[in-house]
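Chain by chain, the residues run as shown.
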Amino acid sequence: MAAAIAPAALAALPTTAVGRACVCRACADAPPPAPADPDGSATAATDPGGRPAFVLRAGGTEAWIARTGGQVLSWRRAAGDVLWTGSAEPYAAGKAVRGGIPIVFPWFNEHATDRALPAHGFARTADWRLAALGPGARARLTLADDERTRALWPHRFELTLDVALAEQLHVTLTVRNTDATAWRCEEALHTYFAVGDVRTATVHGLEGVPCREHALAPEPAWDPHAPLAFRAETDRVFQGAPDRLELHAPALARRVQLATVGARSTVVWTPWPAKAARLSGLGPDDWQRFCCVESANIKEAAVALAPGAAHVLRLSLGATA
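Residues numbered from 1 in each chain as written. Predicted model: local features only at pLDDT ≥ 70, side-chain atom pairs only at ≥ 80, totals over all residues. Heavy atoms only, no water.

Colleague: Tell me what's going on with the environment of E207, and back it up with residues and numbers.
Modeller: The residue E207 is located in the loop between β14 (202–204) and β15 (211–213) in this model. For E207, a relative accessible area of 28% translates into the label partly exposed. Taking the C-alpha atoms as reference points, E207 and G69, 138 residues apart in sequence, are found 32 Å from one another. Look past the residues within four positions of E207 in its chain and what remains in contact with it is P224, H225, A226 and P227. Of note is the side chain of E207, whose polar atom sits 2.8 Å from the backbone nitrogen of G205. (Helix = DSSP H or I, 4+ residues; strand = E, 2+ residues; numbered from the N terminus. Buried < 20%, exposed > 50% of the residue type's maximum accessible area, 1.4 Å probe, protein only. Contact = heavy atoms within 4.5 Å. Polar contact = N/O pair within 3.5 Å; in protein donor to acceptor, adjacent residues only side chain to side chain.)

Below, the structure written as structure tokens:
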């Protein structure tokens, strides 16, 4: 994963391999994501705010994707939506929705040197372009630099988002450096999960993984070798995270499986009442209903890309009940 590949070699890749082929160990060892259900469908639609969106349907399930932010808004199964959205969310034009899977790029949280810049970057509020809809239950959206993005972040780039629906939901974000010089970026799939009651939910697979707690009012102590439980505001960044995690939501009788490729960081976040009261899109009791488990590359795990190079971040979600 530390090897540099000459731009001329990357340029020689066939177009069918761009955004799909990788020679890093994680991708070499990982099985490819399941293809979209060939009997599924992908159609244009509008989201609850009347914004352009796309809906994928396969095997009795459906996923909604907004063109604003390239954001997966929901993944509904027979037992309900696996993802979560705030009850006071207005679905406003040019704004990210509090819920679903917002895309974080090119920086995570507040900008390191300029707090006037938008938190979590600009990709989550940008107007993405539809590149392909179908065949089957799949969609591809793209976002490239323009004058507006270069005024915020002076680099050239191309993002490709592939969403495919079969038995699982597959979300793949490809970041490509189209500039003449190297640059670094942070990225995340900031996934909001419905849990019914966050006080009974647990995250399994991060036991013993190094982490830092960034919450302003966290629980004073916890067992780092036990599954992560929520007892206070939580904002933990794990580095060197495993590629398979499981979220248990007993209040919904549900377990969610997360499988990632290309994610070296995991962020687990929930605001608790005091912070939730300061956040947009949340109703008074919403803090109880969700937690975020974010697949990411942030802080010391930020992605460094040479000219012409690309990085693939993939999240596959499965659920029981």
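That was the structure; now back to the text.
Colleague: Now, about the layout of surface pockets: what can you tell me, with residues and values included?
Modeller: Taken as a whole, the second largest pocket spans an internal volume of roughly 640 Å³. As for the second largest pocket, its lining consists of 28 residues, of which R98, H120, R124, Y192 and L279 are closest to the centre. A per-class count over the lining of the second largest pocket returns 13 nonpolar, seven polar and eight charged. (1 Å grid on protein atoms, 1.4 Å probe; cavity = no way out; pocket = protein on both sides within 12 Å on 5 of 7 lines; lining within 4 Å. Points joined across faces, edges and corners; volume = space filled by probe spheres on them. Nonpolar A, V, L, I, M, F, W, Y, C, P; charged D, E, K, R; others polar.)

Colleague: Tell me what's going on with empty space enclosed by the protein, and back it up with residues and numbers.
Modeller: Summed over all chains, the structure comprises one cavity of 30 Å³ or more. Quantified by volume, the largest cavity comes out at close to 80 Å³. For the lining of the largest cavity, the elements supplying multiple residues, two or more each, are β18 (244–249), β19 (254–261), β20 (265–270) and β21 (290–297). For the lining of the largest cavity, the leading source of residues is β21, giving three residues. Partitioning the lining of the largest cavity into residue classes produces six nonpolar, four polar and three charged.

Colleague: Tell me what's going on with the side chain of T234, and back it up with residues and numbers.
Modeller: You can see T234 is positioned in strand β17 (residues 234–239). Residue T234 is classed as buried on the basis of its relative accessible area of 1%. A distance of 2.9 Å separates a polar atom in the side chain of T234 from the backbone oxygen of A232. Those residues in contact with T234 that lie beyond four places of it in its chain are E213, A215, V268, W269 and T270.

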